[in-house]
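Structural overview
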Amino acid sequence: MEEAVEEKDKFRDIFSTSRRALSLAWKRERKLFLVTLVLTIFLAGITYLQLASFSNIVDEIIRMQKLSLGVTHTLVKQSIVLGLSFLIPAILQNLLSRYSAALTIRMGTHNQMLLIDSYAKLDIGTIEGSEFQTKRDRALKWGTGSINNVVHYSERVLSDVTAFIVAGFVLYSINPFLVVLAIVGSISYYFVEKKYGKALYNAYYVSTDDIRIEAEKVDHFKEVKRLIEVVLFGLKKLFRSQILDINNSYDTRVIKLKSKESVATLGADIVQILCLFVAVFFVTQQTLSGKLLIGSLLLAFGVYRSFVQVSQNFFRDFSRLEEQTRYARRWFDIFDMQSKITSKVGALKPVWAKPPVIEFKNISFAYPETDNVVLKNISLILNSGDKLAIVGLNGAGKTTLVKLLCRVYDPTEGQILIDGIDLRDIDLEHWHYNLGVLFQDFAEYKLTVREAIAVSRPDEPIDDKKVKLAAQMSGAIDFIEKFPKKYEQILWKGFHDGVELSKGQHQRMAVARIFYRDALISILDEPTSAIDAVAEEKIFEVLETKLEGKTGILISHRFSTVKNADQIAVIEHGELKELGSHKELMAKKGRYEELYTMQASRYLESE
Ligand code: ADP
């Protein structure tokens, strides 16, 4: 639920969000924006020209009859003005629809790009954080279309205000009392719109909780995976009746609202008609007493009606604007998010001929907004080209340790030194360029095999030899070679002839990407959870032996698969329990030896 906002804050919010959306349109599509704005405002005013010239024609005809004149010069002139007052708006209206459509389409693309830019500018720690995810989920519900709608309704409101001022001015010039009557006649519509218009609009267009729940249920019948379970479990009856119940209660609510709104509108109509009667009576009196001409009587009537209509439009458009600014603001909240981890001004971009020495120096860490210290005083040195394995049970802190090395977060205490330089002093993008990292939750690319491997070096043309080598090293070659189109095979079932990979195959593709990237420092964080222990050992063996001269860090909860690493770090409850080679640690007969023996015998039994 939205918190209750003070009326004053509400207007300030509407105004500032509209200003922001309009300034986006101004910055990105200045010409289209200006043209649509000017045309909208101009068209709002010009309708009164029709009424004015018609009233002049009537007055002229009466004058001609009185004086028994033939067709006068004034009549011809006014007739031309009347004709133009219809022709010009028709042409302008035509242009307006064309430019408005172009503006909406172009702004749609700009907003999409803005979204991509603002997501991608954030650091990983912020993206992982709950604030970003909550804000993104909230914004996603409404789509970037709300930004366009704010531009559209702001223009409409401006047009209504223009029409309102012009009509008010014409009425005032006939008689100020008419303005008072017109305002009294219109104001009741404001209350109707305030009470029912918004509620109905919400019910129709805005996804309420009920509609979301219903859509979720309907999805069970749309998605193949879910539909299969619907059939298997015989869920149709249950979901069908739930959907029907939601629909029925929604329909009843909307119908009730609609009939209440009709009664209220009728009340407003009566007030408006009463005011109209008074106005007609007043203007007729004035005409009879000779203070007004017949033409002016007609003009007054027409403008009065139009004033009331414009007021109604204004109340409706303003309430839509208010609604849309609420959703647009959610996008702006995301655009405004700032990265927590950034490069310092003047950050260093060292050029390394060989992998730099990495030193964790008394590292302690608690995740932001938590007190739980997940890494405690860790110190270890990784020489150039070393292969380090980090092992430990789930939740020990292994991933967190490499996240600090990737500078997803900065340590709470201690330092990470890269060839003696504090990691915080190194340019973040430059550092990431030198890393090849595979986390457990990796992305799956719906590309061809060769593209899906080479995507890890996006700035370089694809080297097919390297692609094949990477596929060999990760073991992906086993299934790639069986595809009819081999490296040109599309990995997307949605495509004709496309294939879908299993989780384990996806993992091998992800590992191939890291081999293809061939960075100075490669980090594999349990890339093999869907692959059996023997296959994991093989992949690690390749990494440990084939990445000559490059630094490699492997994370595994399996103690038995990393024995070839130069150093094995055993992490337990965030502490570095043991550090050494397999041989050294086995000889030590400590935690490593205990868990290694236990797991090795288990794998032996199960394989
Ligand atoms: P491992 O990789 O050894 O399985 P992790 O480094 O993923 O362990 O997690 C270590 C501890 O940090 C766990 O207790 C985990 O719940 C906690 N943790 C992991 N990620 C976050 C996060 N984003 N926010 C808060 N706590 C986290």
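Before reading further, recall that the structure is shown in the block above.
Rules used throughout
- Residues numbered from 1 in each chain as written.
- Predicted model: local features only at pLDDT ≥ 70, side-chain atom pairs only at ≥ 80, totals over all residues.
- Heavy atoms only, no water.
- Near = heavy atom within 4 Å.
- Polar contact = N/O pair within 3.5 Å; in protein donor to acceptor, adjacent residues only side chain to side chain.
- Areas by Shrake-Rupley, 256 points an atom, 1.4 Å probe, with all protein chains shown as cover.
- Phe/Tyr/Trp six-rings, centres within 6.5 Å; stacked < 30°, edge-to-face > 60°.
- Lys NZ or Arg CZ within 6 Å of the ring centre and 35° of its normal.
- Buried < 20%, exposed > 50% of the residue type's maximum accessible area, 1.4 Å probe, protein only.
- Helix = DSSP H or I, 4+ residues; strand = E, 2+ residues; numbered from the N terminus.
- Pairing = 2+ DSSP bridges.
- 1 Å grid on protein atoms, 1.4 Å probe; cavity = no way out; pocket = protein on both sides within 12 Å on 5 of 7 lines; lining within 4 Å.
- Points joined across faces, edges and corners; volume = space filled by probe spheres on them.
- Nonpolar A, V, L, I, M, F, W, Y, C, P; charged D, E, K, R; others polar.

The full set of residues close to the ligand is Tyr367, Val374, Leu393, Asn394, Gly395, Ala396, Gly397, Lys398, Thr399 and Thr400. Ala396 places a main-chain nitrogen or oxygen 3.0 Å from an oxygen atom of the ligand. Measuring from an oxygen atom of the ligand, one finds a side-chain N or O atom of Thr400 at 2.5 Å. For the ligand, the accessible surface in isolation is 560 Å², of which the surrounding protein chains cover 63%.

In total, this model carries 16 aromatic pairs according to the counting rule given. Counting every residue linked through ring pairs, the aromatic cluster contains Phe11, Tyr190, Phe191, Phe314, Phe315 and Phe318. Positioned above the aromatic ring of Phe439 is the side chain of Lys403, whose terminal nitrogen or guanidinium carbon lies 5.9 Å from the ring centre. One Lys or Arg, Lys466, reaches over the ring of Tyr516 and ends 4.6 Å from the middle of that ring.

On to the pairing of strand β3 (residues 387-391). With 5 of 5 residues buried, β3 lies mostly within the body of the structure. Taking every second residue as pointing to the same face, both faces of β3 are buried, with Lys387, Ala389 and Val391 on one and Leu388 and Ile390 on the other. Judged from the 5 bridges that link them, β3 and strand β8 (residues 551-556) form a sheet pairing that is parallel. The residue bridging Leu388 from the neighbouring strand is Ile553, located in β8.

To continue, consider the layout of surface pockets. Rolling a probe over the atoms, with the probe sized like a water molecule, indicates the empty space that remains. Taken as a whole, the largest pocket encloses approximately 1400 Å³ of empty space. Every residue lining the largest pocket is counted, 42 residues in all, and those nearest its centre are Ile124, His432, Val437, Tyr445 and Arg517. Counting only elements with at least two residues in the lining of the largest pocket, the list comes to α3 (73-120), α4 (124-128), α12 (398-405), α13 (428-433), β6 (435-438) and α17 (503-517). The leading source of residues in the lining of the largest pocket is α13, at 5 residues. The residue makeup of the lining of the largest pocket, split by class, is 20 nonpolar, 8 polar and 14 charged.

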